[in-house]
Amino acid sequence: MGLTRVPGLLYGGDYNPEQWPEEVWAEDVRLMAEAGVTMVTVAVFAWSRLEPEPGAYDFGWLDRVLGLLHEHGIAADLATATATPPPWLVRRHPEVMPVDAAGTRLEFGSRQGYCPSSPVFREHAVRLATAMATRYGDHPALALWHVGNEYADHTLECFCPESARHFRAWLQARYGTVGGLNAAWGTSCWGQHYTGFDQVEPPRRAPGPVNPAQLLDWRRFCSDALLELFTAERDALRAVTPDVPVTTNFMSILHGLDYWAWAEAEDLVSDDAYPDPADPSSHMAVALSYDLMRSLKRRPWLLMESAPSAVSWREVNAPKPPGVMRLHSLQAVAHGADGVMFFQWRQARYGPEKFHSALVPHGGTATRGWRDTLRLGADLRRLAEVAGGHTSADVALVFGWDSWWGLEAPESMPSDRLRLKDLLLSWYAPLHARGIAVDLAPPGADLSGYRVVIVPNLYLCTAEQAEALAAVTGELVVGPFSGVVDEADQVHDGGAPGPLRDLLGVAVEEFWPLPDGLTQPLRHAGGGAGAARTWAEWLRPDQGTAVLARFEGGDLDGLPAITRKGNATYLGCLPADLTPVLDRVLAGVPAIAVPAGVEAVRRGRHLFLLNHTTDEQRITLPYPGRDLLTDTDLRGDAVLAPRDAVVLRIEGDT
Ligand code: GLA
Ligand code: GLA
């Protein structure tokens, strides 16, 4: 059994029949069946059509839609329909709309118009979720619940009085007393000592930089407040349909929400991914987010949304050239997706997304878009046996949201050029190019199964998280500016790397950010030359700590740049080229040699070879096997056409 009770790889997309006359629905389901669609997401934005007047439901049209889907063998990922509150709710209770940091209440007319902390919104959303579960809990088309939609896409935070009240309650639960809050927030700085929780407000616009500890708690609170909203709907569904899995669609590596915590609250991870077809490296960045999705629950996940061709929300919306929709879809499956879904089924004729591509384009079935839709459906059927396959990785990248939020606090850091996503990608890209599978892991996780653990940055590091890194038995690599502060954003005693001091055998005396465009030369112990960019540190190694590279010339001349104690490598800089470090720690880790731009991904007993280039590529197969896409046996060399793929069932592997 896969992610849902639907067998094989799921295929489908967002279906918004409420935007079309009923005559079109019959054609929709006929075309879905023709394309091999197995599941569609329904009713995401349908609240105002399902409950046009307070408490007066109109389920008739959705009954007919679900009936038609079921007749054609198509399952429903049924939304709770709470992604846009109806106008009557907003007019009756204007306070459900969010307020921005400057104090302006936002207006109706878009979507996600809700304050995450509004008890009124929550009450109505839970009531609708319960009504949906009661009406459709036994419907044979129901395969999955889809709560809300892309939480934090438009509304991550709200600064209204209700949010302030909720924030204070959250703080009170965390700190107990206002004294605890003062200590954690360091309010002796800049005269911010509070004498009661009632004096605390969200970080609205202030005259100067806002207390970074207050901001960090605000980020935590905002993720938690939306998670509470999700959980309230989830619980309403579970009370009626305990056996139907619940998901909400994530937004890849999103700064606003702590997906480690969110994933625990749902039954299956689903993600929306929109790599920019105009960016030739976007397939690499999206692979990182796919690996995160697989790692969140350490299980297969679902690509809930992607674009068949162009999106409509970039300044310039490049279409996907022929072959790319298929290639990117196979890529998601390679990285653990048990289904590929799209936004959206039928291209809209009105609204902000009328130029967004769809599985059925404006031009209908005479288009290349429709031919791509058919082709992908056929390919996914050929790959049915891949569903459920697991990935085993030798390398883990450690990252978590607390540290990310702390690192990217505005206006108070040594440099604002350390961006966590860039740091993750700088490590991920060379691993990806070597065909080495990577898991992501949260700080504090048990990392004992990995041969190599890389921590690109852990600015905020607690004693427990340091212990988890000390327990690593494989190679450990820690990037710069790690172990700097505790969970309250207060600098550890003695400075960085704080609780990692003994493990790494090095003290950081001073941070040495490098101006844009300037590099600091360095030399590796073996003699090779290198350079640091963006960031360096004045390090003082302990006796017995080896120096693997030293700065050469400039203000840091002769000081250590990269050190090693036991199994732990520390980088007191951002090397422009990570190859020497990787070559050393990856010794013995199996890699798959492929030409640049070709991706090699092992999943279970299958090997995916994905040619992201516009040239033909010849690849020496590491194993013989049967290509499921062409149903042919391959051994020796395989030749991949531009943007083509091979999915090899490895011979003899069971
Ligand atoms: C100004 C302010 C100080 C301090 C320094 C930091 O001089 O008066 O309080 O913020 O800047 O450079
Ligand atoms: C997001 C939303 C969808 C749609 C797509 C367009 O993923 O969830 O409703 O707006 O973007 O790319």
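Keep in mind it's a predicted model, so treat the numbers as computed, not measured.

Reading the values: rules and limits
Position numbers for residues start from 1 in each chain and track the written sequence from start to end. Chains and ligands are labelled sequentially in the order written, the chains with letters from A and the ligands with numbers from 1. Only residues with pLDDT of at least 70 are given local features in this predicted model, and only at 80 or more are side-chain atom pairs given and counted; all residues enter the totals for whole chains, interfaces and linings. Hydrogens and water are ignored here; the side-chain numbers use all heavy atoms of the structure. In this text, helices come from DSSP runs of H or I with a minimum length of four residues, and strands from runs of E with a minimum of two, each type numbered from the N-terminal end. Every radius of gyration here is taken over C-alpha atoms, with the globule rule written as 2.2 Å times N^0.38, N being the number of residues. Remark: exposure states derive from per-residue accessible area (1.4 Å probe, protein chains only) relative to the maximum for the residue type, with buried under 20%, exposed over 50%, and partly exposed in between. The contact criterion used throughout is that any non-hydrogen atoms of two residues lie within 4.5 Å. Calculation of accessible area relied on Shrake-Rupley with a 1.4 Å probe; when residues are assessed, cover is drawn exclusively from the protein chains displayed. We treat Lys and Arg as the positive residues and Asp and Glu as the negative residues; His and chain ends play no part in the count. The atoms used to mark charge sites are NZ of Lys, CZ of Arg, CG of Asp and CD of Glu. Being near a molecule or strand, for a residue, comes down to having at least one heavy atom within 4 Å of it. A 1.4 Å probe that fits but cannot get out identifies a cavity on a 1 Å grid over protein atoms alone, an open set with protein on both sides within 12 Å along at least five of seven lines counts as a pocket, and a residue lines either if it has an atom within 4 Å of a point. Criterion for pocket placement: a molecule counts as inside a cavity or pocket if more than half of its atoms are within 2 Å of its grid points. Each residue is assigned to one of three groups, with Ala, Val, Leu, Ile, Met, Phe, Trp, Tyr, Cys and Pro labelled nonpolar, Asp, Glu, Lys and Arg labelled charged, and all others, Gly among them, labelled polar. Grid points are joined across faces, edges and corners, and a volume is the space filled by probe spheres set on the points. Following DSSP output, two strands are said to pair if at least two bridges run between them. The axes are straight lines fitted to the C-alpha atoms, using for helices just the contacting stretch, and the angles between their N-to-C directions are given from 0 to 180°. Whenever a carboxyl oxygen of Asp or Glu lies within 4 Å of a side-chain nitrogen of Lys or Arg, that contact is scored as a salt bridge.

Student: What should I look at first to understand the overall build of the chain in this one?
Tutor: Check the secondary structure of the chain and you find 17 helices and 27 strands. Scaling as 2.2 N^0.38, a compact globule of 654 residues should have a C-alpha radius of gyration of about 26 Å, and the chain matches this with 26 Å. Principal-axis analysis of the C-alpha atoms places the extent of the chain at approximately 80 × 75 × 40 Å. Within the span of the chain, comprising 654 residues, buried residues form 59% of the whole. Here the contacts in the chain between residues at least 6 apart in sequence split such that 71% fall between residues at least 24 apart. For the chain, the accessible surface area stands at approximately 25000 Å², while carbon and sulfur atoms represent 51% of it. With 56 positive and 82 negative side-chain charges, the chain shows a spacing of 4 Å between the two charge centroids.

Student: Looking at this model, I keep getting lost on the site of ligand 2. Mind explaining?
Tutor: Every residue lining ligand 2 is accounted for by Phe-45, Arg-111, Asn-149, Glu-150, Asp-272, Tyr-274, Glu-305, Trp-313, Phe-343, Glu-353 and His-356. Protein coverage of the free-state accessible area of ligand 2, which is 310 Å², stands at 97%. A majority-of-atoms criterion places ligand 2 in the largest pocket. By residue class, the composition of the shell around ligand 2 is four nonpolar, two polar and five charged.

Student: Help me understand the layout of surface pockets, please; the structure alone is not making it clear to me.
Tutor: If you roll a probe as big as a water molecule over the atoms, it shows you where there is empty space left. As a volume, the largest pocket reaches approximately 1400 Å³. Arg-111, Glu-150, Asp-153, His-154 and Glu-353 are the residues nearest the centre of the largest pocket, which is lined by 50 residues in total. Elements with a contribution of two residues or more to the lining of the largest pocket: α2 (47-50), α10 (282-297) and α14 (420-433). With five residues, α10 is the largest single contributor of residues to the lining of the largest pocket. Considered class by class, the residues forming the lining of the largest pocket number 22 nonpolar, 15 polar and 13 charged.

Student: When you look at the pairing of strand β21 (residues 598-603) in this model, what are you seeing that I'm missing?
Tutor: Burial of β21 is extensive: five of the six residues sit out of reach of the surface. Here six bridges tie β21 to strand β22 (residues 606-611), and the two strands are oriented antiparallel to one another. Bridging across to β22, Val-601 finds its partner in Phe-608. Counting the residues that bridge the hairpin from β21 to β22 gives two residues, and of these Gly-604 lies at a positive phi of roughly 55°.

Student: Can you walk me through the sheet that holds strand β7 (residues 270-272) in this structure?
Tutor: The pairing of strands in a sheet happens through backbone hydrogen bonds and is either parallel or antiparallel. The strand order β5-β4-β3-β2-β1-β9-β8-β7-β6 describes an open sheet built from nine strands, whose pairing is parallel. A single partner strand is all that each edge strand has here, and the edge strands are β5 (246-247) and β6 (249-250). The pairing of strand β3 (residues 75-79) with strand β4 (residues 142-146) spans four bridges and is parallel. Note on β4: the bridge partner recorded for Ala-76 is Leu-142. Its contacts with the sheet place helix α11 (residues 324-334) against β1 (10-15), β8 (301-305) and β9 (337-342), and it is angled at close to 145° to β9.

Student: Just checking my understanding: could you explain the pairing of β4 for this structure?
Tutor: The side chains of a regular strand alternate between both faces of the sheet. In terms of burial, β4 is largely enclosed, as five of its five residues are buried. As paired elements, β4 and β5 share two bridges and run parallel to each other. In the sheet register, Trp-145 faces β5, and the bridge partner there is Val-246.

Student: Mind showing me how you'd approach the pattern of salt bridges here?
Tutor: When the charged atoms of two side chains lie near each other, side chains of opposite charge can form a pair. The tally for this structure, following the rule as stated, stands at 41 salt bridges. For Arg-127, the salt bridge is made with Glu-51, and the minimal N-O distance between the two is 2.8 Å. Of this pair, Arg-127 sits in helix α5 (residues 119-136) while Glu-51 sits in the loop between α2 and α3 (60-71), placing them 76 residues apart in sequence. We classify Arg-127 as partly exposed; its relative accessible area is 27%. Residue Glu-51 is classed as buried on the basis of its relative accessible area of 0%. Note that Asp-637 is salt-bridged to Arg-618, the shortest N-O span being 3.6 Å. Taken together, the residues Asp-637 in strand β26 (residues 637-640) and Arg-618 in strand β23 (residues 617-620) connect sequence positions 19 residues apart. Asp-637 gets classed as partly exposed once you look at its relative accessible area, which sits at 38%. Its relative accessible area of 55% is what places Arg-618 among the exposed residues. Overlapping salt bridges bring together Glu-27, Asp-28, Arg-30 and Arg-346 as one network.

Student: Is there a simple way to explain the environment of Met-132 in this structure?
Tutor: Note on placement: Met-132 falls in helix α5. For Met-132, a relative accessible area of 0% gives the class buried. Sequence separation of Met-132 and Leu-425 is 293 residues, and the distance between their C-alpha atoms is 41 Å. Apart from residues lying up to four places away in sequence, Met-132 is in contact with Leu-50, Phe-59, Leu-62, Leu-78, Ala-79, Thr-80, Gly-137 and Trp-145.

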